[in-house]
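A closer look at the structure
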Number of protein chains: 2
Amino acid sequence: MSGTAMAQAAPTTVTEVFNHAITASAISAAWEMGAFDALRVSERLDADEFAAREGLDTRSTHELFRALAAADIVSRDGAQIRRGPNFAEADRCKSLFHWMTRGCGELFSTLPALVREKNRVGSFYRRDAAAISVACREINAEWWDPVFWPVVSGLDFTSVADLGCGSGERLIRLARTGPEVMALGIDFAAGAIEVATAAVAEAGLSDRISLVQGDATALEPRPEFAGVDLLTCFMMGHDFWPRAEAVASLRRIREVFPDLKHFLLADATRTTSYPDTDMPVFSMAFELAHAVMGDYLPTLEEWRPVFEEAGWRCEGEHPISVPADSVMFHLVPN
Amino acid sequence: MSGTAMAQAAPTTVTEVFNHAITASAISAAWEMGAFDALRVSERLDADEFAAREGLDTRSTHELFRALAAADIVSRDGAQIRRGPNFAEADRCKSLFHWMTRGCGELFSTLPALVREKNRVGSFYRRDAAAISVACREINAEWWDPVFWPVVSGLDFTSVADLGCGSGERLIRLARTGPEVMALGIDFAAGAIEVATAAVAEAGLSDRISLVQGDATALEPRPEFAGVDLLTCFMMGHDFWPRAEAVASLRRIREVFPDLKHFLLADATRTTSYPDTDMPVFSMAFELAHAVMGDYLPTLEEWRPVFEEAGWRCEGEHPISVPADSVMFHLVPN
């Protein structure tokens, strides 16, 4: 080999692909087992002590740390575990792994059955909703909140509604931005309304936050919608599609919220610009999962002209880095 | 960067670990969907045509090929798919991926629950037995047969027994080595005996192959065992352990088969010599899975002295490369 060759990325080997899949499961497991927390606060941990303290099988625990060590997330010296060069990045991305291996584990392991047309009827796939919710809460905190809150803090609003409010966490935080702020959560899932109602009560905000069940893609006018001046909608914009329906839904939203001043619509979009061998973290899994589930993900280019057509002006596009090409559109009524 | 730096392996990134996990599932899926077969015989395939012909969802199929392209297993030009630099190796290793993602998918995605001591009672884990059996048949054909058959062909035998005969495939092939060869299959699982009985009947060998249900780790003498001069036992040697029980089991085998001349015992052993960041394909997953399932895997060094103690002489150790440090011991009664 020539001494003048520049150092460059070695080609991926099939062995790496194989072992990395195990490391991916180990990252998700390590989060749930508390290993990331333990190693973040302490220079090193003893795998045997850790297993005993957490009530874990010792041999399995050693094997899990080996799988982390295989990708330089930790290093091992006997039972002594230390942070490796990839620790900080794996710690930051652990929720993405959790989404993939724990949340979508069954979806990805049974792909051949799920992609067969004849099987794609009814509820043909299963995911672990609890794991996905845990993962999404952390994904939100790590990558979406730092884009959302600076924009929100620059807006004047006294009444906010959140479309697809889920567990109600965002609503509660929005209500806390000011003692006069009223908030309304809308979700299609009865389970979400139930969880959010309990969370709101626990936060002592039942007097300022109300919750209604409703389909964001087919909203009917309601008296509660009057006065809402800020609307937020996170991680579900693609549910408005296909295109003609997205135009209709966004137009309807403009109509049923007569006093709206701002609409912050944030979602992942389908990537188009990355080479196959240089895909950013998360996006490939996210797009494969949505294709398998039969959900259409519009691209950024597909989104843009829709707003104008539906009676909105896009005042700003705030990029979100994970999944790649996610964006928060700041819309105002036209 | 210095122009004199030698090209060297780039450090693994967390993004690679993430995306490779998706590629791993895609390799397993591509096998089951027939994509490896299609690309092996043809220079290229059209993803849309392939999806239509195989009855697959088109968008999911494109995403699956992208996941293969991410690790250079194929390359894509629009819908045109060609073999990539890693195609041959992925094709050779696809059964290992199938074992991991389809066979042990649930086990790896639910690791945190499975490693908790309080959950490790009863049948605490689930694997896809059918997928594991398909994977193991191919693993056997690719890595184990090339070691097994040259040794068998050098042995004189007229009556062979296979401990842990499973589906009966090895038995049938052993019986076909000569018109005079009698064969006996022993398996603990009633289901295996059923499958093997059907396979033997279909092969027209019911007059020369018989099957009995029995526990290899606690064999009782049987009239059928007299005259057996070759015993084979594949992929279950670790079930004899812990050590004291392995000695007892191997001693009992020597006693209940009074006429044995050769005992070919092949199994994976626990690796001890590979650095964490340079684990060979399969072994790390195999060892993690066995730790989680609570199965002890002896090392090569632990095995060796056991034979002498149990009344056997090890005439040869034939290495098998996958899983790494697998070996076929050629034992003869002492």
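What counts and how
- Residues numbered from 1 in each chain as written.
- Chains lettered and ligands numbered in written order.
- Predicted model: local features only at pLDDT ≥ 70, side-chain atom pairs only at ≥ 80, totals over all residues.
- Heavy atoms only, no water.
- Helix = DSSP H or I, 4+ residues; strand = E, 2+ residues; numbered from the N terminus.
- Contact = heavy atoms within 4.5 Å.
- Areas by Shrake-Rupley, 256 points an atom, 1.4 Å probe, with all protein chains shown as cover.
- Lys, Arg positive; Asp, Glu negative; His and termini not counted.
- Charge placed at Lys NZ, Arg CZ, Asp CG, Glu CD.
- Least-squares fit on C-alpha atoms with pLDDT ≥ 70 in both.
- UniProt positions renumbered as here; feature names shortened; annotations may be inferred.
- 1 Å grid on protein atoms, 1.4 Å probe; cavity = no way out; pocket = protein on both sides within 12 Å on 5 of 7 lines; lining within 4 Å.
- Points joined across faces, edges and corners; volume = space filled by probe spheres on them.
- Nonpolar A, V, L, I, M, F, W, Y, C, P; charged D, E, K, R; others polar.
- Expected span 1.5 Å × (residues − 1).
- Buried < 20%, exposed > 50% of the residue type's maximum accessible area, 1.4 Å probe, protein only.
- Arc of directions from axis to C-beta.
- Phe/Tyr/Trp six-rings, centres within 6.5 Å; stacked < 30°, edge-to-face > 60°.
- Lys NZ or Arg CZ within 6 Å of the ring centre and 35° of its normal.

Along chain A, the regular secondary structure elements total 13 helices and 10 strands. Overall, the C-alpha framework of chain A stretches about 65 × 50 × 45 Å when taken along its three principal axes. Summarising the internal contacts of chain A: among those between residues at least 6 apart in sequence, 70% fall at separations of at least 24. Here chain A displays about 13600 Å² of accessible surface, and carbon together with sulfur accounts for 51% of that area. Of the side-chain charges in chain A, 30 are positive and 48 negative, and the distance between the mean point of each set is 2 Å.

After a rotation of 180° and a shift along the axis of 0.0 Å, chain B superposes on chain A with an RMSD of 0.0 Å. Given the turn and translation reported, the copies of this chain are related as if by a two-fold rotation axis. The residues that chain B uses at the interface reappear at the interface of chain A in 100% of cases, marking a shared surface.

So, on to the UniProt feature "domain: Methyltransferase" (unreviewed entry) in chain A. The UniProt feature table records "domain: Methyltransferase" (unreviewed entry) at residues 160-256 of chain A. Structurally, residues 160-256 of chain A is divided into 35% helix and 21% strand, and its ends, taken at the C-alpha atoms, are 14 Å apart.

What follows is about empty space enclosed by the protein. Unoccupied space between atoms shows up once a probe the size of one water molecule is rolled over them. The full count for this structure, using the stated rule, is 3 cavities of 30 Å³ or more. Looking at the largest cavity, it is lined by 18 residues, and the ones nearest its centre are S25 and T101 of chain A together with A21, S25 and T101 of chain B. Taken together, the elements giving at least two residues each to the lining of the largest cavity come down to α1 (14-33), α5 (87-103) and α6 (105-109) of chain A together with α1 (14-33), α5 (87-103) and α6 (105-109) of chain B. When residues in the lining of the largest cavity are grouped by element, the largest group, 4 residues, is from α1 of chain A. Here the residues of the lining of the largest cavity sort into 10 nonpolar, 8 polar and no charged.

Okay, helix α10 (residues 190-202) of chain B next. Residue and element names in this part refer to chain B. Taking 1.5 Å as the rise per residue, α10 with 13 residues should run 18 Å; its terminal C-alpha atoms sit 19 Å apart, in good agreement. Every buried residue of α10 is accounted for by A192, I193, A196 and V200. Along the axis of α10, the buried residues cluster in a sector spanning 95°; they form a single face. Facing away from the buried side of α10 by more than 90 degrees, the exposed set consists of E194 and E202.

So, about the side chain of D229 of chain B. Residues and elements named next belong to chain B. Within the secondary structure, D229 is located in the loop between β6 (209-213) and β7 (230-234). Note on D229: relative accessible area 5%, which makes it buried. Apart from the residues lying within four places of it in its own chain, the contact partners of D229 are D156, F157, T158, S159, D259, L260, K261 and H262.

Attention now goes to the packing of aromatic side chains. Following the criterion strictly, the structure yields 38 aromatic pairs over all chains and no others. Centroid distance F18 of chain A to F282 of chain B: 5.9 Å. Interplanar angle 55°. Geometry classified as tilted. With F18 of chain A in helix α1 and F282 of chain B in the loop between β8 (262-268) and α12 (283-293), the pair connects residues from two separate chains. Residue F282 of chain B is classed as buried on the basis of its relative accessible area of 2%. Where F225 of chain B meets F257 of chain B, the ring centres are 4.4 Å apart and the plane angle is 25°; that geometry is what we call stacked. With F225 of chain B in the loop between β6 and β7 and F257 of chain B in the loop between α11 (243-256) and β8, the pair connects residues that are 32 residues apart, well separated along the chain. Judged on exposure class, the residue F225 of chain B and its partner F257 of chain B are both buried. In this structure, K94 of chain B is placed above the aromatic ring of W31 of chain B, and the distance from its NZ or CZ to the ring centre is 5.5 Å. R170 of chain B extends its terminal NZ or CZ atom over the ring of F234 of chain B, reaching a point 3.9 Å from the ring centre.

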